[in-house]
Amino acid sequence: SPLGKQMARELSPASDRDEIEAMLAETTEAETIIAQSEKAVMDTFPDVSNPIRRAEIGAILSPREILDIARLLRTGNRVRDALLVFEEDLSIIPNIASSISPNKWLYEEIYRCIEDEDNIADRASSELARLRRLIKRAHANIRDRLDNIIQSPQHQRHLQEPIVTKRNDRYVIPVKQASRASIPGLIYDQSSSGATLFIEPMAVVEANNELRELMLDEEKEIERILSDLTNKIVAVSDDIVANMSILTRLDFILAKGKLSVAQRAVCPRIVEGDRLNIKKGRHPLISDHEVVPISVELGYDFNTLVITGPNTGGKTVTLKTIGLFVLMTQSGLHLPAAYGTEMGIFSSVYADIGDEQSIEQSLSTFSS
């Protein structure tokens, strides 16, 4: 989701051991869920913070905004149900999911009233259904009267063509300029050449007025329905905002699990002191069929390591892998490495890389 992406972009390393282990435990649970779930646990969901703010200060939300809120609520319920299945085996993620407020009645009410962002359903209210029946009847009545006019032999010779069209939401017929006086009525438009006048015959003026009044009543009823739904949303707005925050966190945690599964990664064991023991570590930005696993130990029996080798031999990639693994671990991410990998907690990571070295462009320090 957009909010999950934002949270991922803001991810940064921690230095507190308890915090790091808690973040890694989240990723481990997410990996378990992703590996066991046959279909996606998380759906994308919209950011509804702006519509909620507007509703709280008295604005009437649009159908699209209300549907976004319904989508968020429905996603929250689906995700909650999908994750609570794991509550016997896992603790962190099901516990977070259990905090989602169902409010199923609200999104069901929204979907009952709104078909899509352009259409309010007839079933939204008995008054709306009644008005739409009258509007449909009024349309048919006007069309019948106009059809009688355009099919009448005495009027056909005055028409540019025998059709019924609309101008400014009024039913009109195209009359030749020279026959203006032959069909009395109100002129609503004319063609670019001026040869055709679009006239509302006097016989349907009153019927068009009645139709317009019915359509205005329909608009008022739709506004009342949207206002009522908005008020229901405001009544539980705190729950909606909280659900969005919980879904964002779950989306982010599950994304960490997906990354772990995709990279065939493991959870490193956190050890005391400035030490690390990477077993068959793979640089996460190099494709599986090209990457060369490395094993590095540092800080146990010695604390200085000089890496030598031929030009374009992978020395800088090794250094970058070590640095990335430290940052990934302290950001709560699993490592693309073998089991038994251990990482200490470091307060700083420094990089001093020469020339135009670039893994993405396949440029080593020497070849660049």
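I will try to describe carefully the structure that is included in this document. Since this is a predicted model, take the numbers as computed values, not measurements.

A closer look at the pattern of salt bridges
Phase 1: Per the counting criterion, the structure on display carries 19 salt bridges.
Phase 2: A salt bridge links Arg 132 to Glu 218; the shortest N-O distance between them is 2.9 Å. One end of the pair, Arg 132, is in helix H7 (residues 126–150); the other, Glu 218, is in helix H9 (residues 202–235), with 86 residues separating them in the sequence. Grouping residues by exposure puts Arg 132 and Glu 218 together as buried.

Some points on a negative patch on the surface
Phase 1: A contiguous patch of negative charge on the surface is contributed by Glu 115, Asp 116, Glu 117 and Asp 118.
Phase 2: Along the chain, Asp 116 falls in strand S1 (residues 114–116).
Phase 3: Relative accessible area serves as the criterion here: at 31%, Asp 116 is assigned to the partly exposed category.

Examining the sheet that holds strand S4 (residues 170–176)
Phase 1: One open sheet holds the four strands; their spatial order is S3-S4-S6-S5, and the pairing between them is antiparallel. Each having just a single partner strand, strand S3 (165–167) and strand S5 (185–190) make up the two edges of the open sheet. Across the sheet, the axes of successive neighbouring strands diverge by a mean angle of 50°, strand direction being ignored.
Phase 2: Here H7 sits on the sheet and contacts S3, S4 and strand S6 (196–201); the angle it forms with S4, its principal contact strand, is near 10°.

Notes on the packing of helix H4 (residues 63–84) against helix H6 (residues 104–113)
Helix-helix packing is characterised by the crossing angle of the two axes and by the distance between the axes.
Phase 1: The N-to-C vectors of H4 and H6 enclose an angle of 140°; their axes lie 9 Å apart at closest approach. In terms of their interaxial angle, H4 and H6 are classed as oblique. The hand of the H4/H6 crossing is left-handed. For the pair H4 and H6, contact is made by Ile 66, Leu 67, Ala 70, Arg 71, Leu 73, Arg 74 and Asn 77 and by Lys 104, Leu 106, Tyr 107, Ile 110 and Tyr 111, respectively.

Here's the deal with a nonpolar patch on the surface
Phase 1: On the surface, Phe 302, Leu 305, Ile 307 and Leu 319 cluster together into a nonpolar patch covering about 330 Å² of accessible area.
Phase 2: With respect to the helices and strands, the residue Ile 307 is situated in the loop between strand S9 (294–298) and helix H11 (315–330).
Phase 3: In this structure Ile 307 comes out as partly exposed when scored by relative accessible area, which is 31%.

Quick look at the side chain of Lys 256
Phase 1: Within the secondary structure, Lys 256 is located in helix H10 (residues 237–262).
Phase 2: Side-chain polar atoms of Lys 256 contact the backbone oxygen of Met 23, separated by 3.2 Å.
Phase 3: The contacts of Lys 256, once residues within four sequence positions are left out, are Met 23, Glu 26, Thr 27, Gly 332 and Leu 333.

A closer look at the packing of aromatic side chains
Phase 1: In the structure shown here, the tally under the stated rule is one aromatic pair.
Phase 2: With centroids separated by 6.3 Å and ring planes inclined at 75°, the aromatic side chains of Tyr 107 and Tyr 111 adopt a geometry described as edge-to-face. One end of the pair, Tyr 107, and the other, Tyr 111, are both in helix H6, four residues apart, so they sit about a helical turn from each other.
Phase 3: Taking relative accessible area as the criterion, Tyr 111 reaches 24% and is therefore assigned partly exposed.
Phase 4: For the cation-ring pair, Lys 166 lies above Tyr 171, with the distance from its terminal atom to the ring centre recorded as 5.1 Å.
Phase 5: The ring of Tyr 300 has Arg 275 sitting right over it, with the charged end atom 4.8 Å from the ring centre.

About the thresholds
Residues numbered from 1 in each chain as written. Predicted model: local features only at pLDDT ≥ 70, side-chain atom pairs only at ≥ 80, totals over all residues. Heavy atoms only, no water. Salt bridge = Lys/Arg side-chain N within 4 Å of Asp/Glu carboxyl O. Helix = DSSP H or I, 4+ residues; strand = E, 2+ residues; numbered from the N terminus. Buried < 20%, exposed > 50% of the residue type's maximum accessible area, 1.4 Å probe, protein only. Patch = residues over 30% accessible without salt bridge, like charges linked within 9 Å, V, L, I, M, F, W, Y side chains within 5 Å. Areas by Shrake-Rupley, 256 points an atom, 1.4 Å probe, with all protein chains shown as cover. Lys, Arg positive; Asp, Glu negative; His and termini not counted. Charge placed at Lys NZ, Arg CZ, Asp CG, Glu CD. Pairing = 2+ DSSP bridges. Axes fitted to C-alpha atoms, helices over the stretch in contact; angles between N-to-C directions. Contact = heavy atoms within 4.5 Å. Parallel < 35°, antiparallel > 145°, perpendicular 65-115°, else oblique. Left-handed = near helix turned anticlockwise from the far one by under 90°. Polar contact = N/O pair within 3.5 Å; in protein donor to acceptor, adjacent residues only side chain to side chain. Phe/Tyr/Trp six-rings, centres within 6.5 Å; stacked < 30°, edge-to-face > 60°. Lys NZ or Arg CZ within 6 Å of the ring centre and 35° of its normal.

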